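Chain by chain, the residues run as shown.
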Amino acid sequence: MNPNSDILGLGIESSCDETAAAVVRSGNEVLSNCIFSQISLHKEYFGVVPEIASRAHLEVINGLIAKALHDAGIGFSDLSYIAATNRPGLVGSLLIGLQSAKAISFALKKPLVAVNHLEAHLYAPFLEGHSLEFPFIGLLVSGGNTALYLVHDVGNMELIGKTVDDAVGEAFDKVAKFLSLEYPGGPVIEKLAKNAQKKNILFPKILPDPEENFRFSYSGIKTAVINYCKANPRIPKEEIVFSFQERALEILARRLFDAVKKFGVGRIVVAGGVAANGRLREIIDEYRSGDETIIIPSKILCTDNAAMAAGIGYQYFVRGIKSPLDTDVYARG
Ligand code: KG4
């Protein structure tokens, strides 16, 4: 029997507007995955209000941890380690999750493992049967991040490109706000775009495509959408969002496959909230040459969750890497 087959880890995630707790067995089997989404609290502001987020995390975190253990059918004493996100994210929000994890770790005398939220996102598909093999190209697309990594190993992610301004999810949210749609913009835009009759508005390509340039930029397309709408007030919203979505996603696929070519790595992981977009999955398929292995988590593991924190936490735990109780939180990764 694999000596690591019964290692149970509690994951805690509170970096932004989801409070989450989960139990994972041996780094690859999700026994429970509890998520409290704060979307309804932030909706009216069309974005996450840090103070509201921290307070909401504080109110629900203990209940979520209890539920995660209950759903997994285990008690605190069954845990081998406690993993919590400590970077990057909203500092006040991160503190709630990390402090909770520290308290449990201290009381149980079980190791604390502080994890990087971005590395956790890229780990998500390895909770669903994919085997963890390196290297891979990681495309991380969310409300706060748009970045490409060459992932060499656990704890060894080489940043090869990122956005110079807005993140792609942020652009979806801002365009939705301008069009008076709902927050968060991504799922609403994806749904509305399916109703577009005419598909011929062409927003500018986001950046020229010089070889080996892995930068992203989303503030230009957002402004182009706003200017176009002001100049053409009668164009139906579905046509606007269709073309916006095509352009916004196309650049991700182009950069991704440029990186595949440059680094000669055909194993790809796409993760983060925007990876839930069905059209992104289609566009990536259109761009692939056929030889690549493309791994995208299921929708529930694309958005913020704690199973991914417990999962990557396991990888550190089995390597003997743990975090001291004075570990801090960091806004940036
Ligand atoms: O990873 P995530 O849950 O957390 C943050 O980064 O906060 O990502 C949330 C982001 C939001 O900007 C949301 O609009 C976007 O992911 N998103 C989507 C879709 N679902 C969520 N963007 C495009 N299409 C979607 N279906």
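Being a predicted model, the structure only gives us computed values, none of them experimental.

Asker: So what exactly am I meant to see when it comes to the sheet that holds strand E6 (residues 136–141) here?
Answerer: Neighbouring strands of a sheet are bound in pairs by backbone hydrogen bonds; such pairs are parallel or else antiparallel. Taken together, five strands build an open sheet; the order of strands is E8-E7-E6-E9-E10 and the sheet is mixed. This sheet does not close on itself; its edge strands, each paired only once, are strand E8 (156–162) and strand E10 (293–295). Along the sheet, successive strands turn relative to each other by an average axial angle of 25°, direction set aside. Taken together, the four bridges between E6 and strand E9 (residues 267–271) define a ladder with parallel strand orientation. Residue pairing for E9: Leu 140 is matched across the bridge by Ala 271. On the sheet, helix H8 (residues 237–263) packs against E6, strand E7 (146–153), E8, E9 and E10 and is oriented at approximately 160° with respect to E6.

Asker: I tried to follow the pattern of salt bridges on my own but got confused; where do I start?
Answerer: Side chains that differ in charge, positive against negative, can pair when their charged atoms come close. On inspection of all chains with the given rule, the structure shows 15 salt bridges. The salt bridge partner of Arg 55 is Glu 51, with a shortest N-O separation of 2.8 Å. Taken together, the residues Arg 55 and Glu 51, both in helix H2 (residues 50–72) and four residues apart, mark about one turn of the helix. We classify Arg 55 as exposed; its relative accessible area is 54%. With a closest N to O distance of 2.8 Å, Arg 279 and Glu 282 form a salt bridge. Highlighted residues: Arg 279 and Glu 282, both in helix H9 (residues 278–287), separated by three residues, approximately one helical turn. A relative accessible area of 19% places Arg 279 in the buried class. Linked by salt bridges that have partners in common, Asp 166, Glu 170, Lys 174 and Lys 222 make up one network.

Asker: Any chance you could explain the packing of H2 against helix H3 (residues 91–108) here in plain terms?
Answerer: Helix-helix packing: each pair is described by the crossing angle between the helix axes and the interaxial distance. Between H2 and H3, the least distance of the axes is 8 Å, while the angle of their chain directions is 25°. In terms of orientation, H2 lies roughly parallel with respect to H3. Crossing geometry of H2 relative to H3 is assigned as right-handed. For the pair H2 and H3, contact is made by Pro 50, Ala 53, Ser 54, His 57, Leu 58, Ile 61 and Ile 65 and by Gly 92, Ser 93, Ile 96, Gly 97, Ser 100 and Ile 104, respectively. In terms of residue class, the contact of H2 with H3 is made up of seven nonpolar, six polar and no charged.

Asker: Explain the site of the ligand to me, please; I cannot follow it from the model alone.
Answerer: Near the ligand there are 19 residues, and of these Gly 143, Asp 173, Glu 190, Gly 273 and Asn 277 occur at the shortest range. Here Gly 144 contributes a backbone N or O atom positioned 3.4 Å from an oxygen atom of the ligand. Asn 277 has a polar side-chain atom sitting 2.9 Å from a nitrogen atom of the ligand. Considering the ligand on its own, with 550 Å² of exposed area, one finds that the protein chains cover 89% of that surface. Every element with two or more residues in the shell around the ligand is listed here: helix H5 (168–178) and helix H6 (185–193). If you tally residues by element for the shell around the ligand, the top one is H6, at four residues. Looking at which domains feed residues into the shell around the ligand, each of domain 1 (8–128 + 302–318) and domain 2 (136–296) supplies at least three.

Asker: Teacher, can you tell me more about the nonpolar core here?
Answerer: Buried together is how nonpolar side chains tend to be arranged in soluble globular proteins. Counting 50 residues, the largest nonpolar core has Val 141, Leu 148, Tyr 218, Phe 244, Leu 252, Leu 256 and Val 270 as its most contacted members. Looking at this core, the element that brings in the most residues is H8, giving 13 residues. Contact partners of Leu 252, with chain neighbours within four places excluded, come to Leu 139, Val 141, Thr 146, Val 168, Phe 216, Tyr 218 and Leu 280. Ranked by size, the runner-up nonpolar core spans 33 residues in total, among them Ala 20, Leu 140, Ala 147 and Met 308.

Asker: What's the story with the domain arrangement of the protein chain in this structure? I'm lost.
Answerer: How large an interface is tends to be reported as the accessible area lost when its parts come together. Structurally, the protein chain comprises domain 1 (8–128 + 302–318) and domain 2 (136–296). The straight-line distance from the C-alpha centre of domain 1 to that of domain 2 is 27 Å. It is Phe 46, Leu 122 and Cys 302 in domain 1 that bury the most area against domain 2; as a group they hold 39% of the surface buried on that side. Across the contact surface, domain 1 and domain 2 share one salt bridge. Put simply, Lys 43 and Glu 182 hold a salt bridge, and the shortest N to O gap is 3.4 Å. The set of elements that each furnish at least two residues to the side of domain 1 that touches domain 2 consists of helix H1 (39–42), helix H4 (117–123) and helix H11 (307–318).

Conventions and cut-offs
- Residues numbered from 1 in each chain as written.
- Predicted model: local features only at pLDDT ≥ 70, side-chain atom pairs only at ≥ 80, totals over all residues.
- Heavy atoms only, no water.
- Pairing = 2+ DSSP bridges.
- Helix = DSSP H or I, 4+ residues; strand = E, 2+ residues; numbered from the N terminus.
- Axes fitted to C-alpha atoms, helices over the stretch in contact; angles between N-to-C directions.
- Contact = heavy atoms within 4.5 Å.
- Salt bridge = Lys/Arg side-chain N within 4 Å of Asp/Glu carboxyl O.
- Buried < 20%, exposed > 50% of the residue type's maximum accessible area, 1.4 Å probe, protein only.
- Parallel < 35°, antiparallel > 145°, perpendicular 65-115°, else oblique.
- Left-handed = near helix turned anticlockwise from the far one by under 90°.
- Nonpolar A, V, L, I, M, F, W, Y, C, P; charged D, E, K, R; others polar.
- Near = heavy atom within 4 Å.
- Polar contact = N/O pair within 3.5 Å; in protein donor to acceptor, adjacent residues only side chain to side chain.
- Areas by Shrake-Rupley, 256 points an atom, 1.4 Å probe, with all protein chains shown as cover.
- Domains from an automatic or database assignment.
- Core = buried A, V, L, I, M, F, W, Y, C linked by side-chain atoms within 4.5 Å.
- Buried area = accessible area lost by both parts, 1.4 Å probe.

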